[in-house]
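# A look at the structure
Now for the letters of each chain:
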Amino acid sequence: MLKKVVLSLVLISICFLADAQRSKVLNTPKYDLDPLHFGFTVGFNTMDFNIYNSKKFINSFDSVYAVNNLRQAGFNLGIVSNLRLAPFLDLRFLPGITFGQRDLEFLVRGKNGFYKRVMKVESTFLEFPLTLKYKAKRINNYRPYLIGGVNYRLDLAARKEIKEEEKPMILLERDDLYYELGFGIDYYLPFFKFSTEIKYCVGLANIIRNDGTEYSRGIEKMVSNLIVVSFHFE
């Protein structure tokens, strides 16, 4: 699903940029001269993990032999604050909240052979991204750009303990720092600016908490990744 949406955005962007080569009346021609802009953003995401298996072997029954990570779709919303640093460079702060889920599919050996067990790992992130935005030259009412920065995320859904009826369940750390890279296109409309953007976010911390079960012991390191498609209104 996400691949189809991303491909559609890329194709639409190419069509808009091709159309932008023809001279047109400029919408909001002095927009980029203002030092500060505000707005809001909405979008959707997919989350997953990079999983590094432990070298330990678990020989008892109900032991984990493999784990597979399954992406799930989520959504996000936030506030846009944009500070003009130079004609082609902005500093952006976009605090917001992100909802999502990742499913972990474990291959487990039991007394009657192998079976699969799926854990649904939900996350609700409070996020505080600080990003540099490098803009190309404006072409009529369109302007492509690149972004890069860091993002501190606090997972409100991460818990210290799991209820007995919810076990087994992987425990995650609440805090993580991400680096983010992406690109987008600004569309200058008659009364505001609309932007489409896609970015890749990679967590830097090992977020798994070893609770002594075979599910966490089989994983040495686990880092979080997100792909986020956003629509900005400024």
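For the structure given in this document, a descriptive report is provided here. Remember, it's a predicted structure, so these values are computed and weren't measured experimentally. (Residues numbered from 1 in each chain as written. Predicted model: local features only at pLDDT ≥ 70, side-chain atom pairs only at ≥ 80, totals over all residues. Heavy atoms only, no water.)

This part takes up the overall build of the chain. Looking only at helices and strands, the chain has 2 helices and 11 strands in total. When the helices and strands of the chain are listed from N to C terminus, the series reads α-β-β-β-β-β-β-β-β-β-β-α-β. Residue burial in the chain is summarised as follows: out of 234 residues, 44% are buried. Taking as baseline every contact in the chain between residues at least 6 positions apart, the subset at least 24 positions apart corresponds to 73%. A total accessible area of about 12900 Å² is found for the chain, and carbon and sulfur atoms account for 64% of it. (Helix = DSSP H or I, 4+ residues; strand = E, 2+ residues; numbered from the N terminus. Buried < 20%, exposed > 50% of the residue type's maximum accessible area, 1.4 Å probe, protein only. Contact = heavy atoms within 4.5 Å. Areas by Shrake-Rupley, 256 points an atom, 1.4 Å probe, with all protein chains shown as cover.)

Bringing the pairing of strand E2 (residues 63-86) into the picture now. Inspection of the sheet shows strand E1 (residues 36-53) paired to E2 by 12 bridges, in the antiparallel sense. When the bridges of E2 are listed, phenylalanine 38 appears paired with serine 81. With 12 bridges joining them, E2 and strand E4 (residues 96-110) adopt antiparallel strand pairing. Looking at E4, one finds that asparagine 69 is bridged to leucine 104. (Pairing = 2+ DSSP bridges.)

A few words on unusual backbone geometry. Residues other than glycine seldom take positive phi values, yet threonine 28 does so here, at roughly 40°. Here threonine 28 is to be found in the loop between helix H1 (2-20) and E1. Despite not being glycine, asparagine 140 has its phi angle at roughly 55°, a positive value. With respect to the helices and strands, the residue asparagine 140 is situated in the loop between strand E5 (113-135) and strand E6 (142-155).

Let us now look at the side chain of asparagine 141. The topology assignment puts asparagine 141 in the loop between E5 and E6. Its relative accessible area of 8% is what places asparagine 141 among the buried residues. A distance of 2.7 Å separates a polar side-chain atom of asparagine 141 from the backbone nitrogen of asparagine 27. Here the side chain of asparagine 141 touches arginine 138 through a polar contact of 3.0 Å, side chain to side chain. (Polar contact = N/O pair within 3.5 Å; in protein donor to acceptor, adjacent residues only side chain to side chain.)

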